[in-house]
Amino acid sequence: MTQDLLSVQNLSLSTADKGLVKNLSFTIAPGERFGLIGESGSGKSLTSLAVSGLLPPSIKPSGRIILDGQEIVGAPGKQLDSLRGDAVATVFQEPLTALDPLMPLGKQIALPLRRRLRREGKPSGRAEVNRHMRDLIDQVRLPDPERLVRAYPHEVSGGQRQRVAIAMALACRPKLLIADEPTTALDVTTQDQIIKLLTSLVDELGIALMFISHDLAVVGQMVERVMVMRNGACVESGLAADVLTAPKDSYTQTLVDAAHRFDAALEGRS
Amino acid sequence: MTLLSVENVGFSYRSGKPVLEDISFTVPRGANVGLVGESGSGKSTLLRLLLGLDSPQKGRILFDGAPLEARSSGYMRSYRKRVQAVFQDPYSSLDPSHRILRIITEPLRALKIPGDHRQMATKAITAVGLAPDSLERYPHQFSGGQRQRIAIARAIVARPDLVLADEAVSALDLSTRIRVVDLFEEISEAMTMVFVSHDMGVVAALCDQIVVLDKGRIVEAGLTNDILRAPKHPYTQSLLASIPRMPAGS
Amino acid sequence: MSASKSILTRFSGTNATFWLGLLLVGTITLTGLLSLVWTPYDLSDMVAGRLEAPSWQHWAGSDRLGRDLFTQLMIGAQIALIVGCSAVAIGAAIGVTTGILAAFATRFLDDALAAFFDILIAFPTLLTAMLVVAASDEASLGTAILALGIGLSPIVGRITRLLTKQVLSQDYITAARVSGSSWPSIVFWHILPNILPFLGVNLALQFGLAVMAEASLSYLGLGAPPPNASWGRMLQEAQGTVYTAPWGAILPGLAIFALVIGVNLLTDGLRDRLDASRRQV
């Protein structure tokens, strides 16, 4: 049996007066694509924050999160800092707020890149960083790199911003990439491109993916295994193909039915 | 039988390139028409024109045979009695400082519609599936889906002929969205509706006709079934192909 | 669980703030009200020896003319409240009106008004007030209040303009327009109720500024003329004897401090309560 990259055991998250996530357990193997499905208030985003050690101080975790052999719950900030970037990187929903509005895009990609090169003891001079940056920009299929590295976030489209955010995450060479609703703010045509890009990149680089979304169809295209969350608890988990075609839980069934109805509408009205 | 007719409408903001160019389509009385487009398609601007919040620089909009005069307050008063709207974000479209009763009866008060306003509000709130005692509460006491129902109650309370919905279900969760779509379907039997949305699935579920917008122009318009089965314009084709579908059931 | 929780929340930060503020402002208000019907002595009667220390007969001691200081403090509370409330009312009336006008104005007029506010703000409130007082024939409580109100208005105007612009960008404003509401009713029903909680906190700050500025004006001899006993004038009169009879300066100083802090705590507490009831989902 292979060692799990991420193992979450009995994770509970709570503030002073209420529980937000209850008794959650799941694992992600190296290179595996895992989906977290849930509507607003389900606790899916909090779970992802807990995994990357980014929980706000008002939320107290209990249970265990073992990422790449290291315990995250209760770990000191410094250890978490090195874990982020080394083991885990995150792409957020809204690339406009996730990027620094006052910094050229090239510089924003260069920062995590230089950190990784230093960490790996590789030369991190301007020329090396620039060379690696070109590779990354090619990898995320951004057009016109010359113009792009000098542009500011507001000067490029939403899809391009999200590609930059992906490039920044990849610059860290993480073992786990967390994508928290990365296509929700995008147009459908752009969403389609980003989904394809993410899938091929994690495959190519052997990175595990934790994909968080409320959109069942998108999750179904992206991942191998899914977990469905509601009100902070897991209601169902299993292979995506099983859960999305033959759900056992009634809540999952409601979601699947709803998604099918919009699909059916697209086939034309009778 | 045409309720709303848009004729060669063009619009641009000050010192900008045109946001809308040569837009023409009609909305038959009783129909549900979807205006579909992605960001930058000009659909929000078009909606503002239909609501009389801006005036087109070119072309004209005819409502029930007469031109929409956005600058005439007398005309707008009678127009508002017949045309109401539901907006995208149920968290920002209800004033947090008022009770639901006040929010729902705003059109009745503003348009000086005679009658027992509380009774009319009770009827509207029941029609959208909420309990009458909701009227005494404040917006923050409701979930997103419930708020959108309240917004719909406000739009139908004055019994308009036409309801314009701006991405009215996009901000809702899937399980809530399907129920609000059902609600729209139900109330659309009594009135004409225009749905502005980027979500082809929702529009397909609700509308008999679709107008597809891209970069300020209409690229394709027609019956929903025809467009879904055989999209003619490459943009419509790629739009339909991009929509993620559920894995096929057993 | 629920019982212990309710006790906890009752004494947690928010509410402690609120109650302490209420206690301070309440005490001063009651004292001011009481001074309308009763004071231990007459304001200008020389009932004691010069510069007597606090005693059972004269709770706050006496000034260099032998007048009872506690009586002056009580009258001072009344004056401070009148000045604070009226100056803030005048400042709010001018500031809110121009602020909302600016938010609605065309781009050019808006820019002009915004610049105008900024220039006036850069001008010290006290200086503005001194100019207004100087422009009038004689110093009186009325001119001092008017002067302070005018001095405060640009800050209120600027904040109102920003808050109004925020509210104007909300969908419920568009919804109100589509519902057929006219602009005046939108201002009255949607803009004012929604900017008030935020504006209120700022007006409380302005109240504190007004009370202190009045004290400064009186200290400079530009405030309410005698026999009005404002706390600022008490400070001025105690200036020469601050080493021999420190209570003459300490007590009115404490009174000003208590009122300013009290009003700020009270509005802070009120805003938190309002927020809590609005934000809970």
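All values reported here derive from a predicted model rather than from experimental measurement.

## Observations regarding the UniProt feature "domain: ABC transporter" (unreviewed entry) in chain B
UniProt records the feature "domain: ABC transporter" (unreviewed entry) for residues 4-240 of chain B in the present numbering. Summarising residues 4-240 of chain B: 36% helix, 24% strand, and an end-to-end C-alpha distance of 27 Å.

## Here we look at the interface of chain B and chain A
In this assembly, 26 residues from chain B lie in contact with 30 residues from chain A. Of all the secondary-structure elements, those providing two or more residues to the side of chain B that touches chain A are helix H7 (174-187), helix H8 (200-206), helix H9 (224-229) and helix H10 (234-242) of chain B. Here the element with the most residues in the side of chain B that touches chain A is H8 of chain B; it accounts for five residues.

## Looking at the sheet that holds strand E10 (residues 217-223) of chain B
All names here are of chain B. The six strands lie next to each other as E6-E7-E8-E3-E9-E10, forming an open sheet whose pairing is mixed. Two strands in the sheet have a free side with no partner beyond their single neighbour: strand E6 (83-86) and E10. In this sheet, neighbouring strand axes are inclined to one another by 15° on average, regardless of whether the strands run parallel or antiparallel. The pairing of strand E9 (residues 209-214) with E10 spans six bridges and is antiparallel. Bridging across to E10, aspartate 214 finds its partner in arginine 217.

## So, unusual backbone geometry
Backbone geometry at aspartate 144 of chain A places phi at a positive 55°, although glycine is not the residue there. According to the C-beta neighbour criterion, aspartate 144 of chain A is exposed, with 11 such atoms within 10 Å. Residues other than glycine seldom take positive phi values, yet aspartate 22 of chain B does so here, at roughly 50°. Following the sequence through the fold, aspartate 22 of chain B ends up in strand E2 (residues 20-28). Under the C-beta neighbour-count criterion, aspartate 22 of chain B is labelled partly exposed, with 14 such atoms within 10 Å.

## Thoughts on the confidence of the model for chain B
The pLDDT averaged across chain B works out to 92; a share of 99% of its residues lies at or above 70. The secondary-structure element of chain B with the lowest mean pLDDT is H7 of chain B, recorded at 90, while helix H3 (residues 100-104) of chain B shows the highest, at 96.

## Here we look at the sheet that holds strand E5 (residues 66-67) of chain B
The strand order across the open sheet formed by four strands is E2-E1-E4-E5 (chain B), and the pairing between neighbours is antiparallel. The strands lining the two open edges of the sheet, one partner per strand, are E2 and E5 of chain B.

## Some points on the interface of chain B and chain C
The interface is formed by 20 residues belonging to chain B together with 19 residues belonging to chain C. Residue assignment for the side of chain B that touches chain C shows that the elements contributing at least two residues are helix H2 (73-82), E6 and helix H4 (106-110) of chain B. Considering every element that reaches the side of chain B that touches chain C, the biggest residue donor is H4 of chain B, with three residues. Across the side of chain B that touches chain C, the residue classes tally to nine nonpolar, five polar and six charged.

## Regarding the UniProt feature "transmembrane region" (unreviewed entry) in chain C
Residue and element names in this part refer to chain C. Here, the residues flagged by UniProt with the feature "transmembrane region" (unreviewed entry) are residues 16-38, 79-105, 112-135, 141-160 and 243-266. The span residues 16-38 is 96% helical and 0% strand by assignment, and the distance between its end C-alpha atoms comes to 32 Å. Split by type, residues 112-135 is 92% helix and 0% strand. Its first and last C-alpha atoms lie 26 Å apart.

## Some remarks on the packing of helix H5 (residues 125-135) of chain C against helix H6 (residues 141-168) of chain C
In a pair of packed helices, the angle between the axes and the distance between the axes together describe the arrangement. All names here are of chain C. The N-to-C vectors of H5 and H6 enclose an angle of 140°; their axes lie 8 Å apart at closest approach. By the criterion of interaxial angle, the relationship of H5 to H6 is oblique. The handedness of the crossing between H5 and H6 is right-handed. Contacts between H5 and H6 involve Thr125, Thr128, Ala129, Val132 and Val133 on the former and, on the latter, Thr143, Ala144, Leu146, Ala147, Leu148, Ile150, Gly151 and Leu152. In terms of residue class, the contact of H5 with H6 is built from nine nonpolar, four polar and no charged.

Reading the values: the criteria
Residues numbered from 1 in each chain as written. Chains lettered and ligands numbered in written order. Predicted model: local features only at pLDDT ≥ 70, side-chain atom pairs only at ≥ 80, totals over all residues. UniProt positions renumbered as here; feature names shortened; annotations may be inferred. Helix = DSSP H or I, 4+ residues; strand = E, 2+ residues; numbered from the N terminus. Contact = placed C-beta atoms within 7 Å. Pairing = 2+ DSSP bridges. Axes fitted to C-alpha atoms, helices over the stretch in contact; angles between N-to-C directions. Buried ≥ 20, exposed ≤ 12 C-beta atoms within 10 Å, placed from the backbone. pLDDT = per-residue confidence, 0-100. Nonpolar A, V, L, I, M, F, W, Y, C, P; charged D, E, K, R; others polar. Parallel < 35°, antiparallel > 145°, perpendicular 65-115°, else oblique. Left-handed = near helix turned anticlockwise from the far one by under 90°.

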